Every structure is written in C-alpha cells, then in structure tokens.
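# A look at the structure
Take a look at the letters that make up each chain.
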Amino acid sequence: MVLAQELNFTRAAARIGIAQPALSARMRRLEAELGTALLVRNTRSVVLTTAGAALAESAPPALAALDRAWDTARSAAAGELGTLRIGYSLSAGAETAPALVDRLIRGNSGLEVGAVPMATPEISPAVADGRIDAGITRGEQPGRGVRRFLLRRMRIGVQLAQHHPLAEHPEIEIADAAAYPLRLPDRATNPVIHDQLSALFQDTRPHPRFHTPAVSFDMSQRDLRDGVTLAPAGEAAVTAQPAGLTWRPLRGAPSLTIHLVLPREQSPLHRRIRAVAKTLAHELHWLPD
C-alpha cells in the first residue's frame, strides 16, 4: 500500500522503516503468491499494473476490517466485549448494583449488561451453574463453585418514621430499638441476613418482637411509615429513602457486608467485573483503606 502511494522504492522503504532490498524481496514474494505482476519498474520509474491498481483500491477496506477483527479479539480478551448477566438481591438494588452496572457499561460500548433482581439464596447457585455471570448479595451467602469478594462494608442502623420518637437521636442504642417491633426479611428468603440482624438483639431483655411480612422486605413500607415497626438496614437505605422515612445508625452494631459473587473458574469478562468492582469500591469508599 505504501509503495502504491509513493511509486518509489527508496521513499516507501523509508516510510515503512525497512531496507530497500527487503521491500523488493517482499514485493517479489507477494507477486509470486498472487501469480501476477503488481508493478512495472525500471531504473527511472515504478508504475502499477492493472492488477496492482486493483489491489491498491480494494486492500484498504480489507485491512481496516482486519484491524477491527484484531481490536475485537483484544477487547474480548480484556473482558470489554460480550453479554454480562448480573443477579442482585433487592436490598442491593437501591445503590450498589446500579453503581456497578453504570461503571461497567461506561466507555465499553461492546459490553451489554443485563441486571435482574433475584431471591438471595438463588444467586450463588445461578452463578455456579452459569445462568448468570455475577451476583451481588448482602452477607456472605453460602454456595459451592463460586468465589466471593467483599464489595462493600456499611454501618447497620434502622429505618423508621420521621415522626418516631427515636428519630430525634443521631444514633440509637440497640436496646432502645429492641423495645419496638422489628421488621426483618423473611428467613426463608434470606437466612444469612435475617440471622445477622436478629443476632444484634439476642442479648436484649425482654426479647424483641420480630415482624417478617409476607410481602417483600423492600416493597411494603406502611408499618414503618405509621411508626409501628423499625427495620434494621444498612446505611445504603439512605439513598433510596421512601417519603416519610429516615435512617439512624445503631450504636455499637457490627457492619453489614455486600459481596460480589463470581464463578470459581473465571473468564476475561469475569476478571473485568472484578477489576471494575475493586476500583469502584475504592473510589466510593465502600471499603476501609
């Protein structure tokens, strides 16, 4: 292509960065492969033959297509290409999952990301058997054939009505919260988080009353707005705070964790997810330094 533009072996060799004899040898090999002359050359000039002119005209789009093919292969190898399916628990859908999805697709036009809410106990098995590529769960959910990476650590507090008497305090004592009915996720739906949240109150006397509504923990908020119950929750609840509710931290409570779940055997796409999640957790201060 360079020789067709320059029609001069000396200038073309200089542009390519090789010696002139090497360029002449390459041209002879190319003509032998095609079985036809591409150039008519003598001591004074270089002229394209009909075949040479045809090749010079048709080669650029073919070379551009080849470059795109190489770029596509490199993007796939870097995990920047493909379809990514992420399952997430509803409690991670208010802030954590959207932030990760947004970061994954930003600047990666070749990456298609589909995120779907799932029952928490289903996420790790779905990652292990390949139904989804990654999962986001509260707590270190059990499951074989997966690897879990700590994505976020957050304070535990309670959601409560803005008019509730405890809402006047910047922090709430665990014993004070236990004096009211506590709304927890159904244990059958999320045993890890149910047990972790209920364990906060195991030493309080009298034992608190736990309320586990049949409707999803994230959908029905009437009992909270009416001030009847309090709902232990991570501080991410502040981001998607329904009208009439607020959140206060529980003094001395351990942190709540959110994990990224990936298959044990990881592809470039999985490694890409892991790298993006790690960067995001650092930038948004989801984990202590």
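Just above sits the structure.
Owing to the predicted nature of the structure, the values given are computational and were not obtained by experimental measurement.

Turning to the overall build of the protein chain, a few remarks are in order. A tally of helices and strands in the protein chain yields 10 helices and 12 strands. Its C-alpha radius of gyration of 31 Å places the protein chain more than 25% over the 19 Å reference for a compact globule of 289 residues. Its C-alpha atoms give the protein chain principal-axis dimensions of roughly 105 × 35 × 30 Å. A burial count over the protein chain gives 39% of its 289 residues as buried.

What follows concerns unusual backbone geometry. Each neighbour pair has its own omega, and for Arg 205 with Pro 206 the value is -5°, a cis peptide bond. Position of Pro 206 among the secondary structure elements: in the loop between helix H8 (191–199) and strand S9 (210–211). If you check the backbone angles, Leu 7 has positive phi at about 50° while not being a glycine. A residue is classified by how much of its surface remains accessible, and Leu 7, at 34% relative accessible area, is partly exposed. Located in the positive-phi region is His 285, a residue other than glycine, with phi close to 60°. Topologically, His 285 is positioned in the segment after helix H10 (268–283). Classification of His 285 as exposed rests on a relative accessible area of 63%.

Our focus in this paragraph is the packing of helix H2 (residues 9–16) against helix H3 (residues 20–34). One way to put it is that H2 packs onto H3 with a least axis distance of 9 Å and a crossing angle of 100°. Classified by the angle their axes make, H2 and H3 are roughly perpendicular. Listed contacts from H3 to Phe 9, Thr 10, Ala 12, Ala 13 and Ile 16 of H2 are Gln 20, Leu 23, Ser 24 and Met 27. For the contact of H2 with H3, the class distribution of residues is six nonpolar, three polar and no charged.

The strands that make up a sheet pair up through hydrogen bonds in the backbone, lying either parallel or antiparallel. Judged by pairing direction, the sheet is antiparallel, and its three strands sit side by side in the order S10-S7-S11 without closing on themselves. Every other strand in the sheet has two partners, leaving strand S10 (231–234) and strand S11 (245–249) as the edge strands with one partner each. The average angle at which neighbouring strand axes cross in this sheet is 40°, direction not considered. As defined by bridge partners, strand S7 (residues 156–161) adjoins S11 across five bridges and the pair is classed as antiparallel. Each bridged residue has a counterpart across the sheet, and for Gly 157 the counterpart in S11 is Pro 249.

A word on the pairing of S7. Most of S7 is tucked away: six of the six residues are buried. Judged from the four bridges that link them, S7 and S10 form a sheet pairing that is antiparallel. Of the residues in S10, the one forming a bridge with Val 158 is Pro 232.

Our focus in this paragraph is the side chain of Thr 204. Structurally, Thr 204 is set in the loop between H8 and S9. Contact partners of Thr 204, with chain neighbours within four places excluded, come to Ile 174, Ala 175 and Ala 178.

Criteria and cut-off values
- Residues numbered from 1 in each chain as written.
- Predicted model: local features only at pLDDT ≥ 70, side-chain atom pairs only at ≥ 80, totals over all residues.
- Heavy atoms only, no water.
- Helix = DSSP H or I, 4+ residues; strand = E, 2+ residues; numbered from the N terminus.
- Rg over C-alpha atoms; globule rule 2.2 N^0.38 Å.
- Buried < 20%, exposed > 50% of the residue type's maximum accessible area, 1.4 Å probe, protein only.
- Axes fitted to C-alpha atoms, helices over the stretch in contact; angles between N-to-C directions.
- Parallel < 35°, antiparallel > 145°, perpendicular 65-115°, else oblique.
- Contact = heavy atoms within 4.5 Å.
- Nonpolar A, V, L, I, M, F, W, Y, C, P; charged D, E, K, R; others polar.
- Pairing = 2+ DSSP bridges.

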